[in-house]
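Here's the letter readout for the chains.
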Amino acid sequence: MNKYNTYLDNLNTMKHLRIIDTIIVILIFALNSISLVYSFIALFVPTFDVLAILFDGIILKIAHIAAAYIGIYKRNFIMTVTAPLIPSMCILIFSFSGYECSVHDMNIMIAPIAVCIMIASLYSNYKYAYLEQQEGFPYFNERFENQKSEAVRFNEKNPYTAMSEERKKTECDHMDDLF
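This is a predicted model, so every value here is computed, not measured.

### Regarding the overall build of the protein
Phase 1: Secondary structure summary: the protein contains seven helices and zero strands in total.
Phase 2: Taken from N to C terminus, the helices and strands of the protein fall in the order α-α-α-α-α-α-α.
Phase 3: Relative to its full complement of 179 residues, the protein shows a buried share of 31%.
Phase 4: Considering only residue pairs separated by 6 or more positions, the protein has 70% of its internal contacts joining residues 24 or more positions apart.
Phase 5: As displayed, the protein offers around 12,000 Å² of accessible surface, 65% of which is attributable to carbon and sulfur atoms.

So, in structure tokens, the structure goes:
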């Protein structure tokens, strides 16, 4: 397989990773925005605990969105794994605490989807880490790589030219310069 096909395969993989990342972000924002809207509405219903809704429905959802965003677009593996743990942690906290929280049902819905998103995001991050080490990253364009190598070769001086320039620097035109 020649260099051109390798560049083309890597470029296609990069395009697929961008599509996967976009779908992941849309899913995370859609799920958490539904939960946030539901939490804001539940704040004004007197039967639910306000502190539980603030903590679970608003603060931890924003933390989940931030962790997922950092995990996907900053390529941070720790945040990628941490993001689905936030809804799972909320399920555990409110299952054992006995609080009546309407957002608990949302967490039960979001947690399995977040785990699937984490798996897709880890796949994307590992593929991106592989592509970073490949020649031609991030453009994977043979012409661009040729231009870079030509620029390096053009900036290198011929040894005879370098010697001639050195002699021109040290020579003097007048006898007065010598004494």
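### With respect to the pattern of salt bridges
For side chains of opposite charge, pairing can occur when their charged atoms come near one another.
Phase 1: Following the criterion strictly, the structure yields one salt bridge and no others.
Phase 2: Measuring nitrogen to oxygen at the nearest pair gives 2.6 Å for the salt bridge that ties Asp-21 to Arg-75. Here the residue Asp-21 occupies a position in helix α1 (residues 3-43), and Arg-75 occupies one in the loop between α2 (50-73) and α3 (77-82), the gap between them amounting to 54 residues.
Phase 3: For Asp-21, a relative accessible area of 3% puts it in the buried group.

### Details of the packing of aromatic side chains
Phase 1: Following the criterion strictly, the structure yields four aromatic pairs and no others.
Phase 2: On the basis of an interplanar angle of 50 degrees and a centroid distance of 5.3 Å, the ring pair of Tyr-69 and Tyr-73 is categorised as tilted. Of this pair, Tyr-69 and Tyr-73 both sit in helix α2, four residues apart, which is roughly one turn of the helix.
Phase 3: For Tyr-73, a relative accessible area of 38% translates into the label partly exposed.
Phase 4: Lying over the aromatic face of Tyr-128, Arg-75 brings its terminal NZ or CZ to 4.1 Å of the ring centre.

### Describing the packing of α1 against α2
Helix-helix packing is described using two parameters, namely the angle between the two axes and the distance between the axes.
Phase 1: The interhelical angle for the contact between α1 and α2, taken along N-to-C directions, is 170 degrees, at an axis separation of 9 Å. Between α1 and α2, the crossing angle belongs to the class labelled roughly antiparallel.
Phase 2: Taken together, the residues of the contact of α1 with α2 break down into 17 nonpolar, six polar and two charged.

### A word on the nonpolar core
Phase 1: Ranked by size, the top nonpolar core spans 14 residues in total, and within it Ile-24, Ile-28 and Ile-72 carry the most contacts.
Phase 2: At the level of secondary structure, the elements contributing two or more residues to this core comprise α1, α2 and α4 (85-97).
Phase 3: Top element by residues in this core is α2. It accounts for six residues.
Phase 4: Setting aside its immediate chain neighbours within four residues, Ile-24 contacts Ile-72, Ile-117, Ala-120 and Ser-121.
Phase 5: Membership of the second largest hydrophobic core comes to six residues, among which are Tyr-7, Leu-17, Tyr-128 and Leu-131.

### Describing a nonpolar patch on the surface
Phase 1: Where nonpolar side chains cluster on the molecular surface, the patch consists of Phe-29, Tyr-69, Ile-70 and Tyr-73 and spans about 350 Å² of accessible area.
Phase 2: Counting residues per element, the nonpolar patch draws most heavily on α2, which supplies three residues.

### Quick notes on unusual backbone geometry
Phase 1: Between Phe-137 and the following residue, Pro-138, the backbone shows a cis peptide bond with an omega angle of 0 degrees.
Phase 2: With respect to the helices and strands, Pro-138 occurs in the loop between α5 (103-132) and α6 (142-155).
Phase 3: You will see that Arg-75, though not glycine, has its phi angle at about 60 degrees, which is positive.
Phase 4: Despite not being glycine, Phe-140 has its phi angle at roughly 50 degrees, a positive value.

What counts as what
Residue positions are given per chain, counted from 1 along the sequence in the order it is written. Owing to the predicted nature of the model, reporting of local features is limited to residues with pLDDT of at least 70; listing and counting of side-chain atom pairs is limited to 80 or more, with chain, interface and lining totals taken over all residues. The side-chain values count all of the structure's non-hydrogen atoms but skip hydrogen atoms and water molecules. Note on conventions: DSSP H or I runs of at least 4 residues are helices, E runs of at least 2 residues are strands, and numbering of each starts at the N terminus. Think of it in three bands: with a 1.4 Å probe and only protein chains considered, a residue is buried below 20% of the maximum accessible area for its type, exposed above 50%, and partly exposed in between. In this description, contact between two residues means that some pair of their heavy atoms is separated by no more than 4.5 Å. Where accessible areas are quoted, they stem from the Shrake-Rupley method and a 1.4 Å probe; at the residue level, only the protein chains shown are allowed to cover. Salt bridge, as used here: a side-chain nitrogen of Lys or Arg that lies within 4 Å of a carboxyl oxygen of Asp or Glu. Here a Phe, Tyr or Trp ring, Trp counted by its six-membered ring, pairs with any other such ring whose centre lies within 6.5 Å, and the pair is stacked when the planes are under 30 degrees apart, edge-to-face when over 60, and tilted otherwise. Comment: the charge-over-ring label is applied if NZ (Lys) or CZ (Arg) is within 6 Å of the ring centre and within 35 degrees of the ring normal. To define axes, lines are fitted to C-alpha atoms, for helices over the stretch in contact only, and angles between the resulting N-to-C directions are given on a 0 to 180 degree scale. Here is the rule for angles: anything less than 35 degrees is roughly parallel, anything more than 145 is roughly antiparallel, 65 through 115 is roughly perpendicular, and the remaining ranges are oblique. Each residue gets one of three labels, nonpolar for Ala, Val, Leu, Ile, Met, Phe, Trp, Tyr, Cys and Pro, charged for Asp, Glu, Lys and Arg, and polar for the others, Gly among them. Residue types Ala, Val, Leu, Ile, Met, Phe, Trp, Tyr and Cys, when buried and joined through side-chain atoms within 4.5 Å, form a set referred to as a nonpolar core. Patches here are clusters of residues that have more than 30% relative accessible area and form no salt bridge, with a 9 Å joining cutoff for like charges and a 5 Å cutoff for nonpolar side chains (Val, Leu, Ile, Met, Phe, Trp, Tyr).

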